[in-house]
Amino acid sequence: MNVKNNEVGKVLQWTINDETGVPVNLTGGSVTLYIKRQDGAVNTIVLTLNDPTAGKANRTQQAADFLPGEHTAVLKIIEAGGNTWYTDSFPISCARTIA
């Protein structure tokens with residue numbers, strides 16, 4: 001995923017699928033994005049479930065979400081029944097931009 005640190009208001013969206021590629025019904029659940037920054041700090045962001053039956057979660061980017069650099073992230077998914085699982089880690093690259 002590539003983002004720019006000055007794109008405040010941009011909507012970032014994820015679709016959560018099971019191991020067979022079918023969207024997970026997130027109704028009554030939650031999705032949290034954990035971003036491990038280069039300095040070792042972890043940014044925790046609770047995503048909005050904008051279409052939970054289709055497995056869709058999003059975040060309207062805020063100023064403090066991403067610092068410029070290469071980061072690693074995972075999503076934590078909690079289903080309504082309490083089943084909790086994590087995605088494989090994935091890279092997030094944030095470009096420094098000049099406003």
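Refer to the structure presented above.
What counts, and at which threshold
- Residue positions are counted from 1 within each chain, in the order its sequence is given.
- For this predicted model, a pLDDT threshold of at least 70 governs which residues receive local features, and a threshold of 80 or more governs which side-chain atom pairs are given and counted, while totals over whole chains, interfaces and linings are taken from all residues.
- To obtain the side-chain values, all non-hydrogen atoms of the structure were included, while hydrogens and water were left out.
- Where helices and strands are cited, they refer to DSSP runs of H or I of at least four residues and of E of at least two residues respectively, numbered from the N terminus.
- The quantity called the radius of gyration is restricted to C-alpha atoms. Its globule counterpart is 2.2 Å times the number of residues to the power 0.38.
- For every residue, the accessible area obtained with a 1.4 Å probe (protein chains only) is divided by the maximum for its type, and the residue is called buried under 20%, exposed over 50%, and partly exposed between those limits.
- Whether two residues are in contact is decided by their heavy atoms: any pair within 4.5 Å suffices.
- Residue exposure ignores everything except the shown protein chains as possible cover, and the areas themselves are Shrake-Rupley values with a 1.4 Å probe.
- Positive: Lys, Arg. Negative: Asp, Glu. His and the chain ends are not part of the count.
- The location of each charge is read from NZ of Lys, CZ of Arg, CG of Asp or CD of Glu.
- Pairing between two strands requires that DSSP report at least two bridges joining them.
- Inter-axis angles, ranging from 0 to 180 degrees, are taken between N-to-C directions of lines fitted to C-alpha atoms, where helices are fitted over the stretch in contact.
- Residues belong to one nonpolar core when they are buried, are Ala, Val, Leu, Ile, Met, Phe, Trp, Tyr or Cys, and are joined through side-chain atoms within 4.5 Å.

Caption draft 1: How the structure looks around the overall build of the protein chain. Broken down by element type, the protein chain carries 0 helices and 9 strands. Starting at the N terminus, the α and β elements of the protein chain follow one another as β-β-β-β-β-β-β-β-β. Its C-alpha atoms give the protein chain a radius of gyration of 14 Å, near enough to 13 Å, the size a compact globule of 99 residues would have. In terms of overall dimensions, the protein chain has C-alpha extents of about 45 × 25 × 20 Å along its principal axes. Taken over 99 residues, the protein chain has a buried fraction of 29%. A separation of at least 24 residues holds for 60% of the contacts in the protein chain among residues at least 6 apart in sequence. Looking at the protein chain as shown, the accessible area adds up to about 5,600 Å², and 50% of this sits on carbon and sulfur atoms. Taken as two groups, the 8 positive and 9 negative side-chain charges of the protein chain have centres that lie 10 Å from each other.

Caption draft 2: Examining the side chain of asparagine 58 more closely. The topology assignment puts asparagine 58 in strand β6 (residues 56–60). Apart from residues lying up to four places away in sequence, asparagine 58 is in contact with Val11, Leu12, Gln13, Trp14, Leu47, Thr48 and Asn50.

Caption draft 3: How the structure looks around the sheet that holds β6. In spatial order, the strands read β2-β6-β5; together these 3 strands make up an open sheet with antiparallel pairing. The two strands at the open ends of the sheet, each matched to only one other strand, are β2 (11–15) and β5 (48–51). Strand-to-strand twist in this sheet, taken as the mean axis angle between neighbours without regard to direction, amounts to 35°. Here β2 pairs with β6 via 5 bridges, running antiparallel. Among the inter-strand pairings, threonine 15 is bridged to a residue of β6, identified as lysine 56.

Caption draft 4: Here's a closer look at the pairing of β5. Relative to β6, β5 is paired through 2 bridges, and the arrangement is antiparallel. Across the sheet, residue aspartate 51 finds its bridge partner in β6, namely lysine 56.

Caption draft 5: Quick peek at the nonpolar core. In terms of nonpolar packing, the biggest core is built from 19 residues, with Trp14, Ile16, Val31, Leu33, Leu47 and Leu75 touching the most fellow members. If you list the elements that add at least two residues to this core, you get β2, β3 (30–36), β7 (69–78) and β9 (90–95). Filtering out sequence-adjacent residues up to four positions away, isoleucine 16 remains in contact with Val22, Pro23, Val24, Leu26, Val31, Gly55, Leu75, Ile77 and Trp85.

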